[in-house]
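Results of the structural survey
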Amino acid sequence: MCTVMRSGEKVFSGGEEGSHYCSKKTDDACGNSPGKDCGRTMGMSKLKCILRGMDMKTCLFLLMLVPVCFLGIYMNRVNISYFLRPFWELPPKPFHEIPHYYYENVSMEDLCKLHGWSMREYPRRVFDAVLFNNEVDMLKLRWKELDPCVSEFILLESNSTFSGLPKPMVFSSVRDRFKFVESRLTYGQVPGRFKKGEDPFVEEAYQRLALDYLIKQAGIQDDDLLIMSDVDEIPSRHTMDLLRWCDGMPPVLHLRLRNYLYSFEFLLDNNSWRASVHIYASGKTRYAHLRQSNDILADAGWHCSFCFRRISEFIFKMKAYSHVDRVRFSHYLNPKRIQRVICHGDDLFNLLPEAHTFREMIGKMGSIPHSYSGVYLPAYLLQNADEYKFLLPGNCLRHGSLFKNKHNTEKKKV
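So, here is what we can say about the structure in this document. (Residues numbered from 1 in each chain as written. Predicted model: local features only at pLDDT ≥ 70, side-chain atom pairs only at ≥ 80, totals over all residues. Heavy atoms only, no water.)

1. Some thoughts on the pairing of strand β12 (residues 276-279)
For the record, the criterion: Burial classification: accessible surface area is computed with a 1.4 Å probe over protein chains only, and a residue below 20% of its type maximum counts as buried, one above 50% as exposed, and the rest as partly exposed. In this description a helix means any DSSP run of H or I spanning at least four residues, a strand means any run of E spanning at least two, and both kinds are numbered starting from the N terminus. Strands pair, by our definition, only if DSSP identifies at least two bridges between them.
With burial as the criterion, each face of β12 is covered, one bearing Ser276 and His278 and the other bearing Val277 and Ile279. When strand β6 (residues 225-228) meets β12, the two strands line up antiparallel, connected through four bridges. Among the inter-strand pairings, Leu226 is bridged to a residue of β12, identified as His278. Inspection of the sheet shows strand β9 (residues 252-255) paired to β12 by three bridges, in the antiparallel sense. Bridge pairing links Val252 to His278 in β12.

The following block contains the structure:
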């Protein structure tokens, strides 16, 4: 019956000549069994042959290696996903880039013409809407930059982070520091849902939906401009002046921002694109933080991610925002490590760069080069350099960090 096995006797005959554990006699275990049972018996017999040929140390090594490999894959799943991204995700469709022209002595009429637009008789109203977490310093820089051209500031905060952690209503406790916008401020609070195990992006979508309702409460009307961006994505003042004074801009226009990390010392790239400006249309415009158009205006402002004054603020955001799964090890939250990462321009989560090609990925690997240019930064930052020194080149030390002085002779507390 077992013709397949017998026809392979020559292959396994080596066991009779030199191998004491996989002989023809041992392998021919099928006897007169039917075909399917024969195949199953053959498989088990071969496995036994292999195991008999291994000593105990080899077996123990394999038993330890397999779970270690699975654990390593699980702990580094995000990095593995980033590394394999060029295989499973196509690059996004390129934006239609709109050149951006500006010089302080050029008239608005000429600037509108340079962009192929026409100047309006009067400017549109501008509404700036943000979800607020704990970015007090960046919020002040943003509102000071936009103060001359914004008609209404809209801010919503929750007692829950996107990851479901409870948080205080930070803005309500520092509201007196923003008296310069009080007469034009629409402030709202939304209770968190605190659902354990829920995807953080669900809570984020819930809060953005609440912000959409607050925008309507602020009195926005058709043809007004609405800025949709995070607190740390700051359109420049002259960009918003251009858009409110000119007719002809696309109804939805993304803003390409200079992309900084930790401070204005580390220029990552010029590819921050999520910020957008909308010509408001009732029933159509919805607040979102994703790609909503193919048009983008070049060099339109700044995105300063994780630009905090205190180490404790870094730790809070790392645990609070939608990508909380990036905190794979508890030592990532160590204050000394965070301070070292900030000064070196490394990645807080020790992740590979997000890229759609291996060439782009390799080009972004390693620390971000230091930039020593303070040209074209938010005006209020430069006017109050002593207060915001931590955001300027050459000032990487943060409050609450231990560090060594230039001669590495003693430790100090900032």
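2. Focus: helix α14 (residues 335-344)
Just so we agree on the cut-off: The definition of a polar contact used here is a pair of N or O atoms within 3.5 Å, where within protein one atom must be able to donate a hydrogen and the other to accept one, and adjacent residues in sequence count solely through side-chain atom pairs.
The set of residues buried in α14 consists of Arg337, Ile338, Gln339, Val341, Ile342 and Cys343. Backbone nitrogen of Lys336 and a side-chain oxygen of the N-cap are separated by 2.8 Å at the start of α14; the cap is Asn334.

3. Considering the side chain of Arg208
For clarity, the threshold we go by: Working rule for contacts: check all heavy atoms of both residues, and any pair within 4.5 Å makes them a contact.
Looking at where Arg208 falls in the secondary structure, it is placed in helix α11 (residues 200-217). Among residues more than four places away in sequence, those in contact with Arg208 are Leu131, Asp230, Tyr287 and His289.

4. Considerations on the sheet that holds strand β7 (residues 233-235)
Operational definition: Think of each axis as a best-fit line through the C-alpha atoms, taken over the contacting stretch in the case of a helix, with angles from 0 to 180 degrees between the N-to-C directions.
Spatially, β7-β14-β10-β11 is the arrangement adopted by the four strands of the open sheet, whose pairing is mixed. Strands with a single pairing partner mark the edges of an open sheet, and in this sheet they are β7 and β11 (267-272). Pairs of neighbouring strands in the sheet enclose a mean axial angle of 25 degrees, with direction left out of account. Relative to β11, strand β10 (residues 257-261) runs antiparallel, the two being bridged by three bridges. Its bridge partner lying in β11, Asn259 is registered against Asp269.

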